[in-house]
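So you can see what is in the structure, the chains are spelled out below.
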Amino acid sequence: MTCHGLSFDIEDWQQLVDLRLDGTVGEPSSDIDECVPRILELCDQLHVKATFFVLGMLAKSRPRLVRSIAARGHEIASHSLNHKLLHRMTPGELLEDLRGSKRLLEDLAGSEVTGFRAPEFSVQRLDSPCFAALLEAGFTYDSSVFPVPQLRYGIAEAPHAPFEIQTPSGALTELPLATTRIGSWRIPIAGGSYFRLLPAWFIRRAARRADEREEPLVFYFHPYEFTRRWLYATGGFARNRRVGKYVALHNFATRRIERSLRAVSEQLDFVPLRELAAARLH
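Conventions used here
- Each residue is numbered by its place in its chain's sequence as written, counting from 1.
- Owing to the predicted nature of the model, reporting of local features is limited to residues with pLDDT of at least 70; listing and counting of side-chain atom pairs is limited to 80 or more, with chain, interface and lining totals taken over all residues.
- Processing note: side-chain calculations cover all non-hydrogen atoms of the structure and skip hydrogens and water entirely.
- The way it works is that DSSP assigns letters per residue, a run of H or I at least four long becomes a helix, a run of E at least two long becomes a strand, and they are numbered from the N terminus.
- Only the protein chains shown count as cover for residues, and the accessible areas themselves come from Shrake-Rupley with a 1.4 Å probe.
- Cavity: a set of points on a 1 Å grid over the protein atoms alone where a 1.4 Å probe fits but cannot get out. Pocket: an open set with protein on both sides within 12 Å along at least five of seven lines, its lining residues, like those of a cavity, having an atom within 4 Å of a point.
- Grid points are joined across faces, edges and corners, and a volume is the space filled by probe spheres set on the points.
- For this scheme, ten residues count as nonpolar: Ala, Val, Leu, Ile, Met, Phe, Trp, Tyr, Cys and Pro. Four count as charged, namely Asp, Glu, Lys and Arg, and the remainder, Gly too, count as polar.
- Note on terminology: a nonpolar core comprises buried Ala, Val, Leu, Ile, Met, Phe, Trp, Tyr and Cys residues joined through side-chain atoms within 4.5 Å.
- When a residue's accessible area, from a 1.4 Å probe over protein chains only, is under 20% of the maximum for its type it is buried; when over 50% it is exposed; and in between it is partly exposed.
- Two residues form a contact once any of their heavy atoms are found within 4.5 Å.

Topic: the overall build of the protein
When helices and strands are tallied, the protein shows 12 helices and 11 strands. Summed over its atoms, the accessible surface of the protein is roughly 12,800 Å², and 51% of this surface lies on carbon and sulfur atoms.

Below, the structure written as structure tokens:
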């Protein structure tokens, strides 16, 4: 049976809201301390190992969370150091961020960190210099490409199955996020709001078809999608109409996540993403 990838982007909702509000890095909320153990328990119940893309600024505040994830046998990978969009950093800033996050997470996990996922999937094209920077920083695979027409993100012409990206620094393995085809349209099913908005039967059918074609799917989720509280923004940020829609979207159907993930896991074999990347090399 084909192996598929299960991943979690370990970041805290309130910490990112504070960062967007005034550019400062505040303390993570207590949600992160409740949601990560909940995810680890779910993985134990499903008998799966996953990849946890950990944000560096969160790891600095919650080092024990990183250690607890690694101790349960899951893969630790990087979600950057400071959650800056890749295309808004200079080459020097990007390389410093990549190296800093890798070094920090390796010290905490006690194992090599080889995988990366860009904040907000901020890789805008397949010839982006960020791929060469990843190799230079010591990463061997990336999972930032969404092979769909761009809205906030996406690269329409990207392959939808694992592939190699050739750079001046060598070849980097890319593990794109899961999509499925409806007629001539390719739509995302990988996780986040897509996974919550689509009915479970649709995702299961798409997963079954991919499994029959032996095409690996990569899914992703966030800790705050497993919270039992309402996500919120405060102050002037909360009064921004655009932010209001953003908050509403992130609170929609979160209770469906766990049920749908359990259903999908019944028909797919999940492994950490490093195993998918290794399989691509052989």
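A few points about empty space enclosed by the protein
According to the stated counting rule, one finds 3 cavities of 30 Å³ or more in the structure shown. By volume, the largest cavity is sized at about 50 Å³. Partitioned by chemical class, the residues of the lining of the largest cavity number 2 nonpolar, 3 polar and 4 charged. What the second largest cavity holds in volume is close to 40 Å³. Lining the second largest cavity, in full, are E11, D12, W13, S29, D31, I32, C35, P223 and Y224. In terms of residues, the lining of the second largest cavity owes the most to one element, helix α2 (residues 31-46), which gives 3 residues. A per-class count over the lining of the second largest cavity returns 5 nonpolar, 1 polar and 3 charged.

Re the nonpolar core
Counting residues in hydrophobic clusters, the biggest one holds 85 residues, and the most contacted among them are L6, F8, I10, F52, I76, F219 and F221. Look past the residues within four positions of F219 in its chain and what remains in contact with it is G5, L6, S7, I189, A190, F195, I203, V264, L268 and F270.

Things to note about unusual backbone geometry
Positive phi, close to 85 degrees, is recorded for S80, a residue that is not glycine. Looking at where S80 falls in the secondary structure, it is placed in the loop between β3 (75-78) and α5 (91-109). Residue classification places S80 among the buried residues on the basis of a relative accessible area of 0%. For E214, which is not glycine, the phi dihedral falls at a positive 60 degrees. With respect to the secondary-structure elements, E214 resides in the loop between α8 (200-212) and β10 (218-221).

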